[in-house]
Amino acid sequence: RHAWLPAATRGVVYDCAPGALTLWILLKAFFATRPPLATRALAIGAPAALALAVVRRWPRLGSLALLGLWLLEKRASGRSNQRYHRQLAEDPTNCPQLFLYSAADALVL
């Protein structure tokens, strides 16, 4: 469907170091867009309220569930990062590529 795209691409600019993609990075990027208050409340407040309700209702089970979710997120983001970095390295694009880095970027080799 998009087979023409690599041949038509004249250049690619990456606006950051291809570092680790984590939930924390996602949240920082989300808030950098300055979403409306209602969107922020829905994205952050609703999951936080649900987690608090579960932990208050079932302290032991809720805490174990949150720990399990945290570990699952760590494992999933690690796999996602490996796939993301491999795809960057194997990029078939033959056009020039420019990577812009800042002093705040953490390089992952």
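Not measured: the values here are computed from a predicted model.

Further remarks concern helix H3 (residues 37-57). Helix length check: H3 (21 residues) gives 28 Å between terminal C-alpha atoms against 30 Å at 1.5 Å per residue, within 8%. Of all the bends found along H3, the most pronounced is centred on Gly-45 and spans about 30°, while Pro-47, a proline, follows it within four residues.

As a packed pair, helix H2 (residues 23-32) and H3 sit with axes 11 Å apart at the nearest point and diverge in direction by 170°. The orientation of H2 relative to H3 falls into the category roughly antiparallel. Here Leu-27, Phe-30 and Phe-31 of H2 come into contact with H3, specifically with Thr-39, Arg-40, Ala-43 and Ile-44. Across the contact of H2 with H3, the residue classes tally to five nonpolar, one polar and one charged.

A full pass over the atoms with the stated rule returns one aromatic pair. The interplanar angle of 70° and the centroid separation of 5.2 Å between the aromatic rings of Phe-30 and Phe-31 together place this pair among those described as edge-to-face.

It is worth spelling out helix H4 (residues 59-89) at this point. Compared with an ideal rise of 1.5 Å per residue, which puts 31 residues at 45 Å, H4 spans 45 Å between its outermost C-alpha atoms and is within 8% of the ideal. Restricting attention to buried positions, one finds in H4 the residues Gly-62, Ser-77 and Asn-81.

Scoring rules and cut-offs
- Residues numbered from 1 in each chain as written.
- Predicted model: local features only at pLDDT ≥ 70, side-chain atom pairs only at ≥ 80, totals over all residues.
- Heavy atoms only, no water.
- Helix = DSSP H or I, 4+ residues; strand = E, 2+ residues; numbered from the N terminus.
- Expected span 1.5 Å × (residues − 1).
- Bend = angle between axes of the 7 residues up to and from the residue.
- Axes fitted to C-alpha atoms, helices over the stretch in contact; angles between N-to-C directions.
- Parallel < 35°, antiparallel > 145°, perpendicular 65-115°, else oblique.
- Contact = heavy atoms within 4.5 Å.
- Nonpolar A, V, L, I, M, F, W, Y, C, P; charged D, E, K, R; others polar.
- Phe/Tyr/Trp six-rings, centres within 6.5 Å; stacked < 30°, edge-to-face > 60°.
- Buried < 20%, exposed > 50% of the residue type's maximum accessible area, 1.4 Å probe, protein only.

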